[in-house]
Amino acid sequence: MARTVKDPEERRSELLACAMRLFDEEGYDNVSVRAVARAVGVAPALAYHYFDSKEKLFDEAVRVYARRCADGFIALLEDRSLTLDEAVDRAVELAGTHDFPHAGAFHGGGAGALHDRLSLALCEEVRPHLAAALERDAAARGMAAADAGALAGMMVYGCIGLASGPGMPDAAAMSAARRYLGALIAAFRSPHHV
C-alpha cells in the first residue's frame, strides 16, 4: 500500500476531526491516540508526533471544537450593524436554539466533565470578542471601558449556570439571561459604575 503524504496541518486537522468523532461515538475513556491513528489510517508514531498524549489530543480537539461552536456568537458580536444590546440578545437566542455537533459526547448523560471543559473553552473563545463589543459601545458613548474585559468574563462565565443541566437552556433560563445580561450592560453604561 502506497503511503499518502499530506500537508502537516491537513494531517493534524484530520486527526483532530477523527478524534472528535471517536470521542462522540465511543466516549473519552474508550479512545486512545492509537485508535485515532488506526481510524485515520496512519501509523501510531505519526499521530504521537502531533499529539504525545491522549490528554493533549483531547485538549486540542476541545479547543478547535469550542472555536467552531463559538463562531456564530463571535459573528454576532463583531457585526457592526447590530447594537450591543441586539448582539447580546441574538446571542442568547442562538444559545437556546443552536444544535451543536458532537452533542452526545459533550451534552449527553454522564458527560458532565466533558461539558464543563467545553463550556470553559467556549467562554474563552467568546470573551475577548464580547470585551471588544463592550469597548466599542463605550467608545460610541464617549465613555471609558477600563473594565470591559472583567465584565465580559462575568457575562460569559455567568451564562454557564443558566445553560447547564438537563433540558437547559429553557425559556425561563433564557429570560433570566437576557434580564441579567441587560442589567450588567446598563450598569457598565452608568456614569457611576466603579
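Below is a summary of the structure that appears in this document.

About the thresholds
Residues numbered from 1 in each chain as written. Predicted model: local features only at pLDDT ≥ 70, side-chain atom pairs only at ≥ 80, totals over all residues. Heavy atoms only, no water. Helix = DSSP H or I, 4+ residues; strand = E, 2+ residues; numbered from the N terminus. Buried < 20%, exposed > 50% of the residue type's maximum accessible area, 1.4 Å probe, protein only. Contact = heavy atoms within 4.5 Å. Areas by Shrake-Rupley, 256 points an atom, 1.4 Å probe, with all protein chains shown as cover. Core = buried A, V, L, I, M, F, W, Y, C linked by side-chain atoms within 4.5 Å. Phe/Tyr/Trp six-rings, centres within 6.5 Å; stacked < 30°, edge-to-face > 60°. Lys NZ or Arg CZ within 6 Å of the ring centre and 35° of its normal.

Remarks on the overall build of the protein chain
Thinking step 1. The number of helices and strands found in the protein chain is nine helices and zero strands.
Thinking step 2. Along the protein chain, from the amino end to the carboxyl end, the secondary structure elements read α-α-α-α-α-α-α-α-α.
Thinking step 3. When the 194 residues of the protein chain are sorted by exposure, 38% land in the buried category.
Thinking step 4. Of all intrachain contacts in the protein chain linking residues separated by at least 6 positions in sequence, the fraction that spans at least 24 positions is 67%.
Thinking step 5. As displayed, the protein chain has an accessible area near 10,600 Å², and 56% of this comes from carbon and sulfur atoms.

Focus: the nonpolar core
Thinking step 1. Formed by 56 residues in total, the largest nonpolar core has its most connected members in V36, L130, L134 and M155.
Thinking step 2. Every element with two or more residues in this core is listed here: α1 (8–26), α2 (33–40), α4 (54–78), α5 (84–97), α7 (112–140), α8 (148–163) and α9 (171–189).
Thinking step 3. Counting residues per element, this core draws most heavily on α4, at 12 residues.
Thinking step 4. Ignoring sequence-local partners within four residues, the contact set of V36 consists of L15, C18, A19, L22, V31 and L57.

With respect to α2
Thinking step 1. Every buried residue belonging to α2 is among V33, A35, V36, A37 and V40, and all of these are buried.
Thinking step 2. On its buried side, α2 packs onto α1, α3 (44–50) and α4.
Thinking step 3. Residue G41 follows α2 closely and has a positive phi angle near 90 degrees.

Some words on the packing of aromatic side chains
Thinking step 1. Counting across every chain of the model gives four aromatic pairs.
Thinking step 2. Here F23 and Y28 contribute two aromatic rings whose centre-to-centre distance is 5.6 Å and whose plane-to-plane angle is 25 degrees, an arrangement assigned as stacked.
Thinking step 3. Take Y28: its relative accessible area is 19%, and that puts it in the buried class.
Thinking step 4. For the pair Y28 and F58, a centre-to-centre distance of 4.8 Å together with 65 degrees between the ring planes defines the contact as edge-to-face. Taken as a pair, Y28 in the loop between α1 and α2 and F58 in helix α4 lie far apart in primary sequence, 30 residues in all. Of the two residues, Y28 and F58, both sit in the buried class.
Thinking step 5. Taking the ring centre of Y28 as reference, the NZ or CZ of K54 above it sits at 4.2 Å.
Thinking step 6. A cation sits over an aromatic face here: R179 above Y180, 5.0 Å from the ring centre.

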